[in-house]
Amino acid sequence: MPEDNELERSFKDHSDKLSCSNTLKVPFDMRCDFVKSTEACQKFGHINYIMFLECGPMRDTRFEEVMACVGLAVIFIYYLLCVAIVADQFYSPALKAMAKKMHMSEHLAGVTLLAFGNSTSDILGHIQNSPLGILFTFMMANAILITLISGGLVCLLWPTQLPKYETVRTLLFFLLGVMTAEYFFLTGNYFSRGECAGILSIYIVYLSIEIIEGYLEKSAANKALIIVETRSRATVTRDTMLRRVTITSIGSKERAERNTVNTNATRLVDYRAANPKNEFLFADFVETMQPIDPDFWRNSGYAVRIALIMLSPLMLMFLLLIPMVNLERRRHGWSKLLNSVQIVITPFYVSCIFLDIRGLIIYYQLCVTVPLAVLVFQNSRTDIPPPFHFGFVILSTVGCIAMLYVCTTEMEEILQVVGMIIGLSSDFIAATISCWGASICTIIINVILAQHGYAAMAIAASYAGPFFSFIMSIGGLPLYRHITETYATSHSSYYLTAYIFLVISLSSSLIWSLLFNFYGRRSVGIYNIMIYILYIIYCVLCEREIIHSYAIERVIEVV
């Protein structure tokens, strides 16, 4: 671009105020310089995808720009596969192990552990940069997507019985939180510190009731989580480790049989008191690091084997970074050498994700993790997990959340960039496209848990997860910005539309729960998906200005 170009000088003078969505208004030969000089274009994830689109070779026509979007679609699928592998092989087993150790029921585990884990990436991803109006719209659109699509898919594929009182309580508290936040925002267009505290108190009361009821209920021992055999994974010594149990659905006459795992047998399957302390140390390490299950490989066709080979580098990376704790596997997934090394590796990689890699705190932690790894190695055996194995459950969960946070953030940024290149408004992207990138991880986790036999937990998380993220974001983030003196008001033309459809979603869930005796049948799943399709159609028509949104018209008086 010529140095004396008036347009270039204008860009430099206003680079801190320009929106990256203005890229489409700039000629193709000037777009790369515009992206490099505009501050708003430097905030797209760990990888600058807008730079990839506009500053790559041969980006001189609209066709080449569209082909670059196809490349972003391939990267998006890559992240999607990462989410699926981590959720299926690491996150889901760790959550089940944690819930069993803490003697939680399926519902309590869903509204606490699973809800917190699924919502962490949403809150961390918007704690700094999102304007309040966009944030309000995004969180409600995110709640619509998860409650309707995640809950709908679980009901459609794995119909299940829901706990009555817990389901009603979650839905009513969620409605109370949404209506309270909307009232504060609509009346004053501003969240004061007292209003933020009031919104947060709604969730604190709800969570307190859930935890107290879960642990003080007299029949809690009969409702504790059981470890169900995963259908897609072989379990060792089936004759001794599995027992057939009959589970009666709450409030239903239907009875379903599920294979449950004798977790004590899987823990002691290789234990012999006379064995050396480090027997088969390296052989066990090599076996654990195999990215492809030999039994699954032998029973698979050529197409599946090709897919396994393509996914093996990802699986190998995750096996090295994240401890695997699975109560269905031999020794609960314990590998003495690998797990000792992961005491150092996992905290280091998590710190690199959330902290500045140049910060000294990342390296100071080695002074703690290295001696701890040596201590664990000296006080453990290869043939049985140690008594402190639950610590690896926590480490595995943190490692999974960090990896899912990275994948979720990058997928959301890719969808935002593609939507911006298509020419969609930022409000529409926040209400539709962006929430898919942020929520696809939660949907996959919930569906995988339901496929593993925990549909009630998945549906509980489909409501409690958005409830937690909505309250923490709408109540906590404005309060955080008040404290840091970065609070600023903003508007969004879709937040009332998202609010109305969220109320419809929660109200309809309450109605079908009462009508169907709290049984999530397949027709409920179809109904939920149709409601979400209706929401998307309405937003598209508003974006195309075919119909008017629910946004309040702001009249400018001419004096």
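These lines cover the structure that appears in this document, whether it is placed above or below. Every value quoted in this text rests on a predicted model; they were computed, and no experiment measured them. (Residues numbered from 1 in each chain as written. Predicted model: local features only at pLDDT ≥ 70, side-chain atom pairs only at ≥ 80, totals over all residues. Heavy atoms only, no water.)

Examining the nonpolar core
As a reminder, the rule being used: The criterion is simple. A nonpolar core is a set of buried Ala, Val, Leu, Ile, Met, Phe, Trp, Tyr and Cys residues joined through side-chain atoms within 4.5 Å. Between buried and exposed lies partly exposed: a residue is buried under 20% and exposed over 50% of the maximum accessible area for its type, with that area taken using a 1.4 Å probe on protein chains only. Secondary structure elements follow DSSP: runs of H or I no shorter than four residues count as helices, runs of E no shorter than two count as strands, and numbering proceeds from the N terminus. Contacts: residue pairs with any heavy atoms within 4.5 Å of one another.
Residues F470 and Y535 are the most contacted members of the largest nonpolar core, which totals 143 residues. Take this core: its biggest share by element is 17 residues, from helix α18 (residues 390–422). Aside from chain neighbours lying at most four places away, what touches Y535 is A141, I144, A431, T497, A498 and F501.

Description of a nonpolar patch on the surface
We count it as follows: Nonpolar side chains (Val, Leu, Ile, Met, Phe, Trp, Tyr) are joined into patches within 5 Å and like charges within 9 Å, using only residues with over 30% relative accessible area and no salt bridge. Each accessible area is a Shrake-Rupley result for a 1.4 Å probe, and residues are judged covered by the shown protein chains and nothing else. One side-chain nitrogen of Lys or Arg within 4 Å of one carboxyl oxygen of Asp or Glu is enough to make a salt bridge.
A surface patch of nonpolar side chains, amounting to about 380 Å² of accessible area, comprises F63, V66, M67 and V70. Structurally, the position occupied by F63 is in helix α4 (residues 62–101). Assessed through its relative accessible area of 59%, F63 is described here as exposed.

Considering unusual backbone geometry
Non-glycine residue R331 carries a positive phi angle of around 55 degrees. Along the chain, R331 turns up in the loop between α14 (302–321) and α15 (336–354). Assessed through its relative accessible area of 11%, R331 is described here as buried. Despite not being glycine, E545 has its phi angle at roughly 60 degrees, a positive value. Tracing the sequence through the fold places E545 in the segment after α22 (522–543). For E545, a relative accessible area of 70% gives the class exposed.

Structural notes on helix α21 (residues 495–515)
Our working definition: Take the number of residues in a helix, subtract one, and multiply by 1.5 Å to get its expected span.
With 21 residues, α21 extends 30 Å from end C-alpha to end C-alpha; this agrees with the ideal 30 Å at 1.5 Å per step. Taken across its 21 residues, α21 has 15 buried, putting it largely inside the fold. Directly after α21, the chain includes N517, whose backbone phi takes a positive value near 55 degrees.

Some thoughts on empty space enclosed by the protein
Rolling a probe over the atoms, with the probe sized like a water molecule, indicates the empty space that remains. What counts, and what does not: Think of a 1 Å grid over the protein atoms and nothing else: a 1.4 Å probe that fits but is trapped marks a cavity, an open set flanked by protein within 12 Å on at least five of seven lines marks a pocket, and residues with an atom within 4 Å of a point count as lining. Grid points are joined across faces, edges and corners, and a volume is the space filled by probe spheres set on the points. As a working rule, the residues Ala, Val, Leu, Ile, Met, Phe, Trp, Tyr, Cys and Pro are called nonpolar, Asp, Glu, Lys and Arg charged, and the rest polar, with Gly in that last group.
Tallied over the entire structure, the rule returns 3 cavities of 30 Å³ or more. The volume enclosed by the largest cavity comes to roughly 80 Å³. If you trace the largest cavity, you find it lined by H107, L162, P163, T167, T170, L171, A456, I459, A460 and Y463. The greatest single-element share of the lining of the largest cavity, amounting to 4 residues, is contributed by helix α20 (residues 455–483). Of the residues that constitute the lining of the largest cavity, the class distribution is 7 nonpolar, 3 polar and no charged.

Here's the deal with the packing of α4 against helix α19 (residues 426–451)
What counts is decided by this rule: Where helices are involved, their axes are fitted lines through C-alpha atoms of the stretch in contact, as for all axes, and angles between N-to-C directions lie from 0 to 180°. An angle counts as roughly parallel when it lies under 35 degrees, as roughly antiparallel when it exceeds 145, as roughly perpendicular when it falls between 65 and 115, and as oblique in every other case. Helix crossings are classified by the rotation of the near helix relative to the far one: an anticlockwise turn of less than a right angle makes the crossing left-handed, while a clockwise turn makes it right-handed.
It is at 9 Å that the axes of α4 and α19 come closest, and there the two elements cross at 50 degrees. With respect to α19, the element α4 is oriented oblique. Where α4 crosses over α19, the handedness of that crossing is right-handed. Of the residues in α19, those in contact with L80, V83, A84, A87, D88, Y91, S92 and K96 of α4 are I440, C441, I444, I445, I448 and L449. Counted by class, the contact of α4 with α19 contains 11 nonpolar, 1 polar and 2 charged residues.

Section: the packing of aromatic side chains
Quick reminder of the rule: Between 30 and 60 degrees the pair is tilted, below 30 it is stacked and above 60 it is edge-to-face, where a pair is any two Phe, Tyr or Trp rings, Trp via its six-membered ring, whose centres lie within 6.5 Å.
Applying the stated criterion across every chain, the model contains 17 aromatic pairs. A centroid spacing of 5.5 Å and a plane angle of 50 degrees characterise the contact between F173 and Y206, whose relative ring orientation is tilted. Taken as a pair, F173 in helix α7 (residues 164–188) and Y206 in helix α8 (residues 193–216) lie far apart in primary sequence, 33 residues in all. A relative accessible area of 0% places Y206 in the buried class. Summarising the aromatic geometry, the rings of Y203 and F468 are spaced 5.3 Å apart at their centres and angled 55 degrees between planes, so their arrangement reads as tilted. Taken together, the residues span a long stretch of sequence, with Y203 in helix α8 and F468 in helix α20 at a distance of 265 residues. A relative accessible area of 3% means that Y203 is categorised as buried.

Shape is all these values report; function is a separate question.
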